[in-house]
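The primary structure of each chain is shown beneath.
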Amino acid sequence: MKLAIFASGNGSNFQAIVEASRAGLIAAEITLLFCDKKDAYVIQRARELLIPVISFSPNDFESKALYEAEILHLLEEEQIDLVVLAGYMRIIGPTLLETFSNRLINIHPSLLPRFPGLHGIKDAFCSNVSETGVTIHYVDDGVDTGPILAQEKILIEPTDTLDSLERKIHNVEHRLYPSVLAQLIQTKQGEKSE
Ligand code: GRF
């Protein structure tokens, strides 16, 4: 099974997935990183981990459809089975969704459907809820709305700061994402060989 990871920023989840794959915890090869920001730190991580990087931005294209058509072409060329979004800060459009429906996964730092969007951690922290968490879900055409694969709750303690909550969330993400992907890949491989 071949995975492509899409990321736009820091890339700590990207690294956790690559390490899990190399440790034999995920029965898949991380074939490539796609990054839409040429100076993102995730690109440096990929180079250090010797994962091939493809990077271009929608600004290089006349339309989002053409941008996604180029990505789709690359994914098909590489025979990618599953696309894993890990901090990819764009909405997936119809061009990619049509071909990769049920093969596009995302991670979001809140207990969806609460606190979707760009600031899931801060929005939960500022709204005085006593718990938040991490959600892994299929991607559909909404913002953080696809069918949920897994969730893990995290308590917000009175002593938590935004920084400490972010740390807790990322720690859970780095464990949960690889383990959910491992299960999903096992299920998909079972379906293939039936
Ligand atoms: C994570 O919190 C993830 O849930 C969200 O974006 C963040 C990416 O972090 N979608 P990193 O780039 O993997 O460090």
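Residues numbered from 1 in each chain as written. Predicted model: local features only at pLDDT ≥ 70, side-chain atom pairs only at ≥ 80, totals over all residues. Heavy atoms only, no water.

For the chain, the name recorded in an unreviewed UniProt entry is Phosphoribosylglycinamide formyltransferase, with Enterococcus ureilyticus as its organism. Looking at the Sequence similarities (unreviewed entry) heading of the UniProt record, one finds this comment for the chain: "Belongs to the GART family." Under the Catalytic activity (unreviewed entry) heading, UniProt states for the chain: "N(1)-(5-phospho-beta-D-ribosyl)glycinamide + (6R)-10-formyltetrahydrofolate = N(2)-formyl-N(1)-(5-phospho-beta-D-ribosyl)glycinamide + (6S)-5,6,7,8-tetrahydrofolate + H(+)". (UniProt positions renumbered as here; feature names shortened; annotations may be inferred.)

Quick look at the UniProt feature "binding site: (6R)-10-formyltetrahydrofolate" (unreviewed entry) in the chain now. Annotation from UniProt places "binding site: (6R)-10-formyltetrahydrofolate" (unreviewed entry) at Lys-64, Met-89, Arg-90, Ile-91, Ile-92 and Asn-106. In the annotated group above, the largest pocket draws its lining from Met-89, Arg-90, Ile-91, Ile-92 and Asn-106. Looking at the secondary structure, you find Arg-90 in the loop between strand E4 (82-85) and helix H4 (94-100). Residue class for Arg-90 comes out partly exposed when judged on its relative accessible area of 31%. Once you skip the residues sitting within four places of it in the chain, Arg-90 turns out to touch Asp-36, Pro-58 and Tyr-67. (1 Å grid on protein atoms, 1.4 Å probe; cavity = no way out; pocket = protein on both sides within 12 Å on 5 of 7 lines; lining within 4 Å. Helix = DSSP H or I, 4+ residues; strand = E, 2+ residues; numbered from the N terminus. Buried < 20%, exposed > 50% of the residue type's maximum accessible area, 1.4 Å probe, protein only. Contact = heavy atoms within 4.5 Å.)

An α-helix turns once per 3.6 residues; consequently, residues spaced three or four apart project the same way. Among the eleven residues of helix H1 (residues 12-22), eight are classified as buried, and the element is accordingly described as predominantly covered. Listing the buried residues of H1 in full gives Ser-12, Asn-13, Phe-14, Ala-16, Ile-17, Val-18, Ala-20 and Ser-21. In the core, the buried residues of H1 are packed alongside strand E1 (2-7), strand E2 (29-35), helix H2 (41-48), E4, strand E5 (104-108) and helix H6 (162-193). At the C-terminal side of H1, Gly-24 shows a positive phi close to 85°.

Here the focus is the nonpolar core. As a rule of thumb, soluble globular proteins bury nonpolar side chains together. Counting 41 residues, the largest nonpolar core has Phe-14, Leu-33 and Tyr-177 as its most contacted members. For Tyr-177, the contacting residues outside a window of four places in its chain are Asn-13, Ile-17, Val-84, Leu-85, Ala-86, Ile-105, Asn-106, Ile-107 and Ile-136. Judged by nonpolar contacts, the second largest core, of 20 residues, contains Tyr-67, Leu-85, Ile-92 and Leu-96. (Core = buried A, V, L, I, M, F, W, Y, C linked by side-chain atoms within 4.5 Å.)

Space inside the largest pocket adds up to approximately 800 Å³. In terms of lining residues, the largest pocket is bounded by 34 residues, among which Gly-87, Tyr-88, Met-89, Ile-107 and Pro-109 are the most central. Listed by contribution, the elements that provide at least two residues to the lining of the largest pocket are H1, E5, helix H5 (120-126) and H6. Of the residues belonging to the lining of the largest pocket, the class tally is 14 nonpolar, 15 polar and five charged. (Points joined across faces, edges and corners; volume = space filled by probe spheres on them. Nonpolar A, V, L, I, M, F, W, Y, C, P; charged D, E, K, R; others polar.)

The side-chain alternation of E4 yields two buried faces, one formed by Leu-82 and Val-84 and the other by Val-83 and Leu-85. Examined bridge by bridge, E1 and E4 share four bridges and lie parallel to one another. Along E4, the bridge assignment pairs Ile-5 with Val-84. Between the parallel pair E4 and E5, the chain is carried across by H4, and the sense of this crossover is right-handed. (Pairing = 2+ DSSP bridges. Right-handed = clockwise from strand over helix to strand, strands pointing away.)

Turning to the site of the ligand, a few remarks are in order. Around the ligand, the neighbouring residues are Asn-10, Gly-11, Ser-12, Asn-13, Gly-87, Ile-107, His-108, Pro-109, His-170 and Glu-173. Asn-10 places a polar side-chain atom, nitrogen or oxygen, 3.2 Å from an oxygen atom of the ligand. With respect to the ligand, the backbone of Asn-13 contributes an N or O atom lying 2.8 Å from an oxygen atom. In this structure the site holding the ligand corresponds to the largest pocket. (Near = heavy atom within 4 Å. Polar contact = N/O pair within 3.5 Å; in protein donor to acceptor, adjacent residues only side chain to side chain. Sits in = over half its atoms within 2 Å of the grid points.)

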